[in-house]
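Chain by chain, the residues run as shown.
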Amino acid sequence: MTQATLRILSSGIHDVKNMLEVARAQLPNGINACDEASSLIGRAQDRLSRMLFCYRLEENELRLNLDYVSLDVVVQEALLSCSMQLGGRKSVLIESACRPIALFDRDLVCDMISNAMQNAIRHSEHTIVVRILPGENYGVGSHLPTGCSIEIHDDGPGFGSFQNVNRLISEGNGLYIARHIAALHANHGKQGRLVLGSSPLLGGALFRLELP
Amino acid sequence: MIKIDHLHFLIIDDLRVARESLRACVQGMGAKRIEEAVSYFDAINRVKRKAPDVVICDYNLSDSKDGQQLLEEIRVNGMLPPSHVFFMVTAEQAYQNVIAAVELKPDDYILKPFSPHRLKVRLEGAIERKIYLKPLFDALEGEDYTQALLFVDEKLKLRDRPEYLLDLLRHKGECLIALNRCDEAISLFDEIIITGDFPWAKVAKARALKTMNELDASSLLIDEVMASSQKYLDAIEVKASILEEQGDYSSAQALLQGLVKRNPRNNKRQSRLADVALKNGDVAVSNAAIHAIMKQIGFEGLNIDELFMFVRCKARQDNLSEEDRKQCSETLRGLKLLVTPESKNLYAAWHSLDALIHNNSSSQKRFISLRAIWLEYQYSPEVYYDLINAALFAKAPALAEEIVAKMIDSSLLKPVFPQINALFMAYNQKERLSKVQREKALALITHKN
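Residues numbered from 1 in each chain as written. Chains lettered and ligands numbered in written order. Predicted model: local features only at pLDDT ≥ 70, side-chain atom pairs only at ≥ 80, totals over all residues. Heavy atoms only, no water.

**Comments concerning the overall build of chain B**
For step 1, the next point in the chain: Within chain B, the regular secondary structure consists of 24 helices and five strands.
For step 2, the next point in the chain: The dimensions of chain B, computed from C-alpha atoms along their principal axes, are 80 × 55 × 35 Å.
For step 3, the next point in the chain: Across the 449 residues in chain B, those meeting the buried criterion constitute 55%.
For step 4, the next point in the chain: The long-range share in chain B, meaning contacts at least 24 apart out of those at least 6 apart in sequence, stands at 60%.
For step 5, the next point in the chain: Only carbon and sulfur atoms are counted for the fraction: they give 51% of the accessible area of chain B, which is about 19,900 Å².
For step 6, the next point in the chain: In chain B, 61 positive and 63 negative side-chain charges are present, and the distance between their average locations comes to 2 Å. (Helix = DSSP H or I, 4+ residues; strand = E, 2+ residues; numbered from the N terminus. Buried < 20%, exposed > 50% of the residue type's maximum accessible area, 1.4 Å probe, protein only. Contact = heavy atoms within 4.5 Å. Areas by Shrake-Rupley, 256 points an atom, 1.4 Å probe, with all protein chains shown as cover. Lys, Arg positive; Asp, Glu negative; His and termini not counted. Charge placed at Lys NZ, Arg CZ, Asp CG, Glu CD.)

Written as structure tokens, this is what we have:
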């Protein structure tokens, strides 16, 4: 695909995303059907946003906006964006020992976590556990803490089962971006990474993001 | 728990649908006092009338204006105190512009599309941060950097809100620079830069280096930031100040003109442009910059430096109209009340401009009679320019020669030589300048021998 074609596509995606925003803003509040429509539009917009992120990654246009951010707050934001999907049928438990902070791009990581949570909710039977863990050297040193990770466990079929291939394909875009975003985060010579595996906790899938 | 219902919100967006959507969101948070602005100028008028506690502004506004320009205008011109929240709403196309702001950045932002829940989390976070840091903002507004530093150090020790760490460290660095503890500031910024690629930390370190007169190191660092993105406007501003310090007024002016073109309503930058253009001998650009400020805040809004620049521009024009002369005369009368012999630069500038503007023998005689003072102290380059200009204008070329000799002794001639040379040429006195230079060079050779 040529650069020009890519630009045309990305600009088209951007316009559609904005049109959806206008459409969503015109939906009346407080009516269930409208809330659902609004949630669907929101998810469509998220999907388009992720495609734009892919484009920017490919074009090396993605610049990180780093700050120390509380992982608790990011998880809270991500969880709020999944509330409609949860619908009271499944439960999400959050385990956070010491309210850790880490150095990362809040928007990118929040989108990544929220995407991973949506996937976990879709594939889980009943439960999702989100764990926020400080790294080994957390809190050591004068000013600047380093290293944290976030784990999302579910009790679904996991990546190792028959559905493995389908799940990885359906989550392809999101995981592709997540790997890139994780790797873009570097601190004191260490690089962030994404680990996918089986959950020792719930037996389903494990999504683990390590931030340096 | 934040009491949202006590806060006064201003929502700025040119699209009605977007304003209504934002209004619904903040109403859902419990806000009761919500105002809306439909354009850039509507917003300016409303903020001027009463500064809202929280401004929520879309990045793209009508009239080819954007939210960053609005933020700069209301912050720089003191319409929105630092303790009040400015929150930006942006599409991802403009996102890089929003995060590129180094110094004057929004308190927080949200990327479209967003859910009301996410907006709530972000907005409450921004408000909470302002409340937590209020004592710091109060100290900074009163320019009490020692108090500000005390607050920051106490909070760094306490670590009760670790997510504000970078904010606190950043303010600590700025306070250290303001207190002229640049070595400590540089160590702090180095520690931050090792942790991550923070353009703001590099720009701040470059400012500290510049304050320590480490111009080459400062310039290298700024070049690095500018190479990574041309959107870091504060970096361009620091680069301009380094070039100015190095005597490259022409390049400094070009950079500042680029910045001012981007946002003509940033008076701080207009003022800097007026100053640098004048040093560069570009009276027309300087005059235009001063008039751009006056257009916004009126003549009475100009500060003392700007009033001097206003008179300087007029004094350097070839044909001064009677109306301009009258206005300059009145300005000088007003400035006289603020100028004392102790304020050496202002005192010298005032007498020079008085001699140039009034064009009468009494002003000129008074100027010449103060010769001993003009030769006793060391002045800034632009004041030396005024003194030489006035001496040549008052037909006292010998005094102009003496002042140049003094500049050479203090190594102050070199950076402004093209301007001083042009001045002597304009009065057909080029030979006199060459003579002083020759004499000084000879004296140096004799001294060495």
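What follows picks up the thread again.
**Digging into the interface of chain A and chain B**
Many analyses report the size of an interface as the accessible area lost when the parts associate.
For step 1, the next point in the chain: Taken together, the contact between chain A and chain B spans 39 residues of the former and 39 residues of the latter.
For step 2, the next point in the chain: Put simply, chain A and chain B have five salt bridges between them.
For step 3, the next point in the chain: Where B:Arg122 meets A:Glu77, a salt bridge forms, and the shortest distance between an N and an O atom there is 2.8 Å.
For step 4, the next point in the chain: Where chain A touches chain B, the interface holds five residue pairs in polar contact (both at pLDDT 80 or more). (Salt bridge = Lys/Arg side-chain N within 4 Å of Asp/Glu carboxyl O. Polar contact = N/O pair within 3.5 Å; in protein donor to acceptor, adjacent residues only side chain to side chain.)

**Thoughts on the packing of aromatic side chains**
All names here are of chain B.
For step 1, the next point in the chain: Using the criterion set out here, one finds seven aromatic pairs over all chains in the structure.
For step 2, the next point in the chain: Centroid distance phenylalanine 198 to tryptophan 200: 5.7 Å. Interplanar angle 45°. Geometry classified as tilted.
For step 3, the next point in the chain: Pairwise contacts between aromatic rings join Tyr347, Phe367 and Trp374 into one cluster.
For step 4, the next point in the chain: Looking at lysine 65, its charged tip hangs above the ring of tyrosine 40, at a distance of 5.1 Å from the centre.
For step 5, the next point in the chain: Note that lysine 344 overlies the ring of tyrosine 377, its terminal NZ or CZ placed 4.7 Å from the centroid. (Phe/Tyr/Trp six-rings, centres within 6.5 Å; stacked < 30°, edge-to-face > 60°. Lys NZ or Arg CZ within 6 Å of the ring centre and 35° of its normal.)

**Side note on the state of the cysteines**
All names here are of chain B.
For step 1, the next point in the chain: In the structure shown here, the tally under the stated rule is zero disulfides over all chains.
For step 2, the next point in the chain: Distance from the sulfur of cysteine 328, which forms no disulfide, to the nearest cysteine sulfur (cysteine 313) is 9.3 Å.
For step 3, the next point in the chain: Given a relative accessible area of 0%, cysteine 328 falls into the buried group. (Disulfide = S-S within 2.5 Å.)

**Focus: helix α10 (residues 199-211) of chain B**
Residue and element names in this part refer to chain B.
For step 1, the next point in the chain: Between its terminal C-alpha atoms α10 stretches 18 Å, which fits the 18 Å expected from 13 residues at 1.5 Å a residue.
For step 2, the next point in the chain: Counting buried residues along α10, 10 of its 13 residues qualify, which places the element largely inside the surrounding structure.
For step 3, the next point in the chain: Residues of α10 that are buried include every one of Pro199, Trp200, Ala201, Lys202, Val203, Ala204, Lys205, Ala206, Ala208 and Leu209, and no others.
For step 4, the next point in the chain: Next to the buried residues of α10 lie α8 (165-178), α9 (182-195), α11 (215-228) and α12 (233-245).
For step 5, the next point in the chain: Within two residues after α10, asparagine 213 carries a phi angle of roughly 65°, on the positive side. (Expected span 1.5 Å × (residues − 1).)

These figures come from the coordinates and say nothing about function on their own.
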